[in-house]
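The residues making up each chain are set out below.
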Amino acid sequence: MSTPTLERIASTSVPVLDVLAARWSPRAFDATTPIDEAKLAAALEAARWSPSASNTQPWRFIVARRGTELHSRIDDALVGFNREWAGAAQVLIVALSEDQDADGNPRPWAQYDLGQAVAHLSVQAHADGLYVHQMGGIVRDQLRALPGVEERFTPTSVIALGELGDSSTLSEKLQEREAAPRVRRSLDETVIASA
């Protein structure tokens, strides 16, 4: 089985936490092992404790384990090349933002806070040896039809979560993407103003 190697460690311009430098988004997931429920619970708990505006916690998750009808329905709502690989993930999670409260008042910060919650989930999962790959290529209307999705919730992304798999199971094109160098624009390009 292929495993993460040192070249997957980000070459940062200044030191960052090891768990952040080592975190990456694979497409090869282990399709043979059930999810470690304690690690999954820890990732969700980390998301639960992320900060939010006025402690509104405008995020919800639909968690589907591989082999369930719910996992298949979420997999069916993926588009593009995500359909080639994401179904092998031990867990698919729909990330939803609560863009308005129960009275219909807008929450313009909801997607930002959802992003923070998913970041916390991602870092905790990686610290525990799991991998996360987020996808925006989704059919939102199909995800809106899932159980528990009220009108005020917006399906924002789907998260593949699980143990790293063998990249040789991927198509040649995806194997190339899996092995491609990790790159980011420079810090100077990212910070557009500073005083």
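Here, every reference points to the structure presented above.
Remember, predicted model here, so these are calculated numbers, not experimental data.

Colleague: Tell me about the pattern of salt bridges, residues and numbers included.
Modeller: Enumeration over the complete set of coordinates arrives at eight salt bridges. A salt bridge links Arg-83 to Asp-76, with the shortest nitrogen-to-oxygen separation between them at 3.3 Å. Residue Asp-76 is classed as partly exposed on the basis of its relative accessible area of 42%. In this structure, Arg-107 engages Glu-98 in a salt bridge whose closest nitrogen and oxygen atoms are separated by 2.9 Å. You can call Glu-98 buried: its relative accessible area is 3%.

Colleague: Tell me what's going on with a nonpolar patch on the surface, and back it up with residues and numbers.
Modeller: Taken together, the side chains of Val-14, Val-16, Leu-17 and Leu-20 present a nonpolar region at the surface, about 350 Å² in accessible area. Within the fold, Leu-20 resides in helix 1 (residues 18-22). We classify Leu-20 as partly exposed; its relative accessible area is 40%.

Colleague: For the sheet that holds strand 2 (residues 91-98), give the residues involved together with the corresponding values.
Modeller: Here four strands make up an open sheet; going across it, the order is 1-2-4-3 and the pairing antiparallel. The open sheet terminates on both sides in strands that have one partner only, identified here as strand 1 (59-65) and strand 3 (131-135). Looking at each pair of strands side by side, their axes are set apart by 25° on average, direction ignored. Taken together, the seven bridges between strand 1 and strand 2 define a ladder with antiparallel strand orientation. Paired with Arg-65 across the bridge in strand 2 is Val-91. Against the sheet, helix 3 (residues 69-76) makes contact with strand 1, strand 2 and strand 4 (153-162), and its axis sits at roughly 115° relative to strand 1, the strand it touches most. Across the face of the sheet, helix 5 (residues 110-127) comes into contact with strand 1, strand 2, strand 3 and strand 4 while running at roughly 150° to strand 2.

Colleague: Please provide a residue-by-residue account of the pairing of strand 4, values included.
Modeller: Residues in a regular strand point their side chains to alternate faces of the sheet. With ten of its ten residues buried, strand 4 lies for the most part within the structure. Pairing between strand 3 and strand 4: five bridges, direction antiparallel. Directly across from Met-135, in strand 4, lies its bridge partner Val-158.

Colleague: Hey, could you go over the packing of helix 2 (residues 37-48) against helix 5 for me, with residue numbers and the actual values?
Modeller: Their axes nearest at 7 Å, the elements helix 2 and helix 5 cross at an angle of 145°. In this structure, the crossing between helix 2 and helix 5 has a hand that is right-handed. Residues Ala-42, Ala-43, Leu-44, Ala-46 and Ala-47 of helix 2 form the contact with helix 5, whose participating residues are Ala-117, His-120, Leu-121, Gln-124 and Ala-125. Grouping the constituent residues of the contact of helix 2 with helix 5 by class yields eight nonpolar, two polar and no charged.

Cut-offs used in this document
Residues numbered from 1 in each chain as written. Predicted model: local features only at pLDDT ≥ 70, side-chain atom pairs only at ≥ 80, totals over all residues. Heavy atoms only, no water. Salt bridge = Lys/Arg side-chain N within 4 Å of Asp/Glu carboxyl O. Buried < 20%, exposed > 50% of the residue type's maximum accessible area, 1.4 Å probe, protein only. Patch = residues over 30% accessible without salt bridge, like charges linked within 9 Å, V, L, I, M, F, W, Y side chains within 5 Å. Areas by Shrake-Rupley, 256 points an atom, 1.4 Å probe, with all protein chains shown as cover. Helix = DSSP H or I, 4+ residues; strand = E, 2+ residues; numbered from the N terminus. Pairing = 2+ DSSP bridges. Axes fitted to C-alpha atoms, helices over the stretch in contact; angles between N-to-C directions. Contact = heavy atoms within 4.5 Å. Left-handed = near helix turned anticlockwise from the far one by under 90°. Nonpolar A, V, L, I, M, F, W, Y, C, P; charged D, E, K, R; others polar.

Honestly, it's all geometry; don't read function into it.
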